[in-house]
Amino acid sequence: MKILLLLASLLNAECDICNEYEQKMILSTVLNRSRVNKESIETVIFKKGQYHGIDSKNFYPTTKTQIIAAQILMSGPIDSSVLYFHANDGSKRTWIKGLKLKKKLKYHSFYKN
C-alpha cells in the first residue's frame, strides 16, 4: 500500500494535467529505474535531483492517480526502456546528452540509455 501511495503522490505532483498514457509513462520511468538500478521504488523516488515533484505541494495521492498507479503496478511498465523524462517547457537540459529520445508527448519527453 505504501508503494501505491508513493507512486500516486508522485504522479499527481509530476503530471496531474497529463492524460493517462503520459502518466503511465512517468510511472514507467520509476519502475524501470528500480529494476535497472536494483533499488527500491522508494529509493528511486526520493533520490536527490531525480523527481522534482517530491518537493511539490501537490505531492499527495488522488483517487485517479491511485487507480493509475495500481494499474501500472499490476501490469508493469508500458515501455520497459524509458528511464528518464523532462517537461517540455523549452528549458535547456545538459543531462540528456548521450541519451536517446524514445518518445515526445504533449507535456514530457522520455529517454532511454
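Rules behind the numbers
Residues numbered from 1 in each chain as written. Predicted model: local features only at pLDDT ≥ 70, side-chain atom pairs only at ≥ 80, totals over all residues. Heavy atoms only, no water. Salt bridge = Lys/Arg side-chain N within 4 Å of Asp/Glu carboxyl O. Helix = DSSP H or I, 4+ residues; strand = E, 2+ residues; numbered from the N terminus. Buried < 20%, exposed > 50% of the residue type's maximum accessible area, 1.4 Å probe, protein only. Core = buried A, V, L, I, M, F, W, Y, C linked by side-chain atoms within 4.5 Å. Axes fitted to C-alpha atoms, helices over the stretch in contact; angles between N-to-C directions. Parallel < 35°, antiparallel > 145°, perpendicular 65-115°, else oblique. Left-handed = near helix turned anticlockwise from the far one by under 90°. Contact = heavy atoms within 4.5 Å. Nonpolar A, V, L, I, M, F, W, Y, C, P; charged D, E, K, R; others polar. Phe/Tyr/Trp six-rings, centres within 6.5 Å; stacked < 30°, edge-to-face > 60°.

Q: What am I meant to see in the pattern of salt bridges here?
A: Proximity of charged atoms lets side chains of opposite charge pair with each other. The final tally for this structure, using the stated rule, is five salt bridges. We note a salt bridge from Lys102 to Asp79, for which the minimum N-O separation is 3.7 Å. Highlighted residues: Lys102 in strand β2 (residues 100-104) and Asp79 in the loop between α4 (63-75) and β1 (84-87), separated in sequence by 23 residues. Here Arg93 and Asp89 are joined by a salt bridge, their closest N and O atoms 3.2 Å apart. Given the relative accessible area of 18%, Arg93 is considered buried.

Q: What am I meant to see in the nonpolar core here?
A: Within soluble globular proteins, side chains that are nonpolar generally end up buried alongside one another. Ranked by internal contacts, the top residues of the largest apolar core, which has 24 residues, are Leu7, Leu27, Val30, Ile45 and Phe110. The set of elements that each furnish at least two residues to this core consists of α1 (2-15), α2 (20-37), α3 (41-46) and α4. Looking at this core element by element, the count peaks at seven residues for α1.

Q: Is there a simple way to think about the packing of α1 against α4 in this case?
A: Angle between the axes and distance between the axes are the two parameters that describe a pair of packed helices. Contact pair α1 / α4: the axes reach a minimum separation of 8 Å and the direction vectors enclose 120°. In terms of orientation, α1 and α4 fall into the oblique class. Judged by the sense of rotation from one axis to the other, the crossing of α1 with α4 is right-handed. In contact with Ile3, Leu4, Leu5, Leu7, Ala8, Leu11 and Asn12 of α1, α4 contributes Thr65, Gln66, Ile68, Ala69, Ala70 and Leu73. Taken together, the residues that form the contact of α1 with α4 break down as ten nonpolar, three polar and no charged.

Q: Hey, could you run me through the packing of aromatic side chains in this one?
A: The description of an aromatic ring pair uses the distance of the two centres, along with the angle that the planes make with each other. In the structure shown here, the tally under the stated rule is five aromatic pairs. For the pair Tyr51 and Phe85, a centre-to-centre distance of 5.9 Å together with 40° between the ring planes defines the contact as tilted. Here Tyr51 is found in the loop between α3 and α4, whereas its partner Phe85 is found in strand β1, with 34 residues between them in sequence. Summarising the burial analysis for this pair, Tyr51 and Phe85 share the class buried. Between Trp95 and Tyr111, the aromatic rings sit 6.3 Å apart at their centres with planes inclined by 70°, giving edge-to-face as the arrangement. A residue pair is termed long-range when its members are at least 10 positions apart, and Trp95 in the loop between β1 and β2 and Tyr111 in strand β3 (residues 108-112) qualify at 16 residues. Through successive ring pairs, a cluster of aromatic residues spans Tyr51, Phe85 and Phe110.

In short, shape yes, function no, at least from these values alone.
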